[in-house]
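Listed below are the residues making up each chain.
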Amino acid sequence: MDLENLCQALPKLELHAHLNGSLSMDTLKKLYKMQNPNSKSSEDTLMSIKNFSSLGECFKVFNIAHSLTTTPEAVFHSTYDTVKEFKEDNVIYLELRSTPRAIEGKMTKQEYVEAIIKAFEICKTDFPSILLKLLISINRKQGYKAAQDNIELAINFFKKYPQYIVGLDLSGDPMTGSTFLELLRKARLAGLKIAAHCAEIYQMLSHLSHVPNETETIDILKFKPDRLGHCTCIHPTLQGSSKLFNLLLDSKIPVELCLTSNIQCKTVSTYESHQFKYLFEAGHPICLGTDDKGVFHTSLSHEYKIASSTFGLKQEQLLKLCLSSVEYTFATLEEKQALLYEIEKFSKECNITY
Ligand SMILES: [Zn+2]
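Numbers given to residues run from 1 along each chain, matching the order in which its sequence is written. For this predicted model, a pLDDT threshold of at least 70 governs which residues receive local features, and a threshold of 80 or more governs which side-chain atom pairs are given and counted, while totals over whole chains, interfaces and linings are taken from all residues. The basis for every side-chain value is the complete set of heavy atoms in the structure, and neither hydrogens nor water enter the calculation.

**What to know about the overall build of the protein chain**
In DSSP terms, a helix is any run of H or I states spanning at least four residues, a strand is any run of E spanning at least two, and both are numbered starting from the N terminus. When its secondary structure is counted, the protein chain shows 16 helices and eight strands. When accessible area is computed with a 1.4 Å probe and restricted to protein chains, residues below 20% of their type maximum are described as buried, those above 50% as exposed, and intermediate ones as partly exposed. Residues classed as buried in the protein chain amount to 54% of the 354 residues present. Here the analysis covers contacts within the protein chain between residues at least 6 apart in sequence; of these, 77% occur between residues at least 24 apart. Surface accessibility follows the Shrake-Rupley procedure with a 1.4 Å probe radius. Residue values consider only the protein chains on display as shielding. With an accessible surface of roughly 15,500 Å², the protein chain has 53% of that area assigned to carbon and sulfur atoms. Contacts were defined at the residue level, with two residues in contact if any of their heavy atoms lie within 4.5 Å.

In structure tokens, the structure reads:
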């Protein structure tokens, strides 16, 4: 089996995917038609976005996705289609994450989450080969009150649907202080797992010193989330420091790495210089994710292929990446065993020893 086919066929686990950024062009078109049933020039705006390599165009897609997911029905279809696409990419476990949104007169945050769960319920029957979980996101940019609301919402939904709602994701501008971590403690006490974006971007304002970012990163590491996202600006060659990198290695917290996302957002200049290299070489727990497959025009298979061709990973190492990802999921022990069984079955069928 050649590399491309192997990466496609591997039973993969996606642990870092934002719902809105994952919407494909087909889904966006469908949502546009739902929202504008009588529009003649329906696809003009969407079709004009062809050059996904430009960051400006990427953010246009984010904005369009937001403007098209303003009703529970649209959120339902977004979720259903996204699950279907991950399933078609042979993803056997998907942890989606999303910030609940309220749109006045159209949708409450509660209805937003309910729409995702409703889609999960239907997908469970339609696509039984993929196990689904949801992380409720807290976007630091939206402030303390929104974070408080989302945590309360997550705890309530966790009580009602523990099979789907498994944790919280801390995302957004990392410069806004550590007060959010105090809120996350409450969620952790309630039994929710925590995934936190960490050191994703370097200082956007060049006149600022390293200090705020480093303080934030240290605060997050000390909090010991169950998983970390990106951890880009931690290694000394990526505007971090030896101190930070050693702290990360000592923490042994699994890191979700999204190669294409970091390249397209220009937080890392080349695939070769991506933090994957340093974490992989150090034997640190890592897993691959797409971040926003729609926005960055990628798939999890494609991310595996890039990791393999850039860092020379052999087929047994790719299989091991899938296997070790199982351990980092927020699934139950029983579910993890079932996932391991699937990957081991694949390795036997393809005669890949590891
Ligand atoms: Zn992310």
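Next comes the rest of the account.
**Notes on the coordination of the zinc ion**
Each metal's donors are the N, O and S atoms found within 2.8 Å of it, except that Na, K and Ca use a 3.2 Å limit; water is left out, so coordination can look incomplete. Every protein donor of the zinc ion is accounted for by His16 (NE2), His18 (NE2), His197 (NE2) and Asp291 (OD), and the metal-donor separations fall at 2.2 to 2.3 Å. Any site counts as irregular unless it has four donors with all angles between 85 and 135 degrees, making it tetrahedral, or four or six donors with opposite ones more than 155 degrees apart and the rest between 65 and 115, making it square planar or octahedral. Given four donor atoms and angles of 82 to 171 degrees at the metal, the environment of the zinc ion is assigned as irregular. Taken in chain order, the donor set of the zinc ion reads H-x1-H-x178-H-x93-D. According to the relative accessible area criterion, His16 is buried, its value standing at 0%.

**Side note on the pairing of strand β6 (residues 227-230)**
Two strands make a pair as long as DSSP finds a minimum of two bridges between them. Here strand β5 (residues 193-198) pairs with β6 via four bridges, running parallel. What sits directly across from Ala196, in β6, is Leu228. Across two bridges, β6 lies against strand β7 (residues 255-257) in parallel orientation. Residue Gly229 lies in a different strand from β7, and its bridge partner there is Glu256. Where the polypeptide runs from β6 across helix α11 (residues 242-251) and back to β7, its parallel neighbour, the crossover connection is right-handed. Here the term right-handed applies to a crossover when the path leading from its first strand over the helix to its second strand runs clockwise, the strands being oriented away from the viewer.

**What to know about the environment of Ser269**
As for its position among the elements, Ser269 is in the loop between α12 (259-264) and α13 (276-281). C-alpha separation for the pair Ser269 and Leu238, spaced 31 residues apart in sequence, amounts to 9.6 Å.

**Considering the sheet that holds strand β1 (residues 12-18)**
Across the sheet, eight strands lie side by side as β1-β2-β3-β4-β5-β6-β7-β8; this open sheet has parallel pairing. At either end of the open sheet lies a strand with only one pairing partner, and these are β1 and β8 (286-288). Averaged over all neighbouring strand pairs, the angle between strand axes comes to 25 degrees, with direction disregarded. Inspection of the sheet shows β7 paired to β8 by three bridges, in the parallel sense. Counterpart to Val255 in the pairing with β8 is Ile286. Comment: axis = line fitted to C-alpha atoms, over the contacting stretch for helices; angle = value between 0 and 180 degrees taken between N-to-C directions. Relative to the sheet, helix α6 (residues 72-88) contacts β1, β2 (91-98) and β3 (131-139), its axis offset from that of β2 by approximately 145 degrees.

**Details of the pattern of salt bridges**
In what follows, salt bridge is the name for a side-chain nitrogen of Lys or Arg lying within 4 Å of a carboxyl oxygen of Asp or Glu. For the structure on display, the rule yields 14 salt bridges. Lys133 is the partner of Glu335 in a salt bridge, and the nearest nitrogen-oxygen pair spans 2.9 Å. One end of the pair, Glu335, is in helix α16 (residues 333-349); the other, Lys133, is in strand β3, and 202 residues separate them in sequence. For Lys133, a relative accessible area of 1% gives the class buried. Taking the shortest distance from any N to any O, the salt bridge between Glu281 and Lys277 comes out at 3.4 Å. Highlighted residues: Glu281 and Lys277, both in helix α13, separated by four residues, approximately one helical turn. Taking the relative accessible area as the measure of exposure, Glu281 reaches 57% and is therefore exposed. Residue class for Lys277 comes out partly exposed when judged on its relative accessible area of 29%. Connected through salt bridges with shared partners, the residues Glu95, Arg97, Asp169, Arg227 and Glu256 form a single ionic network.

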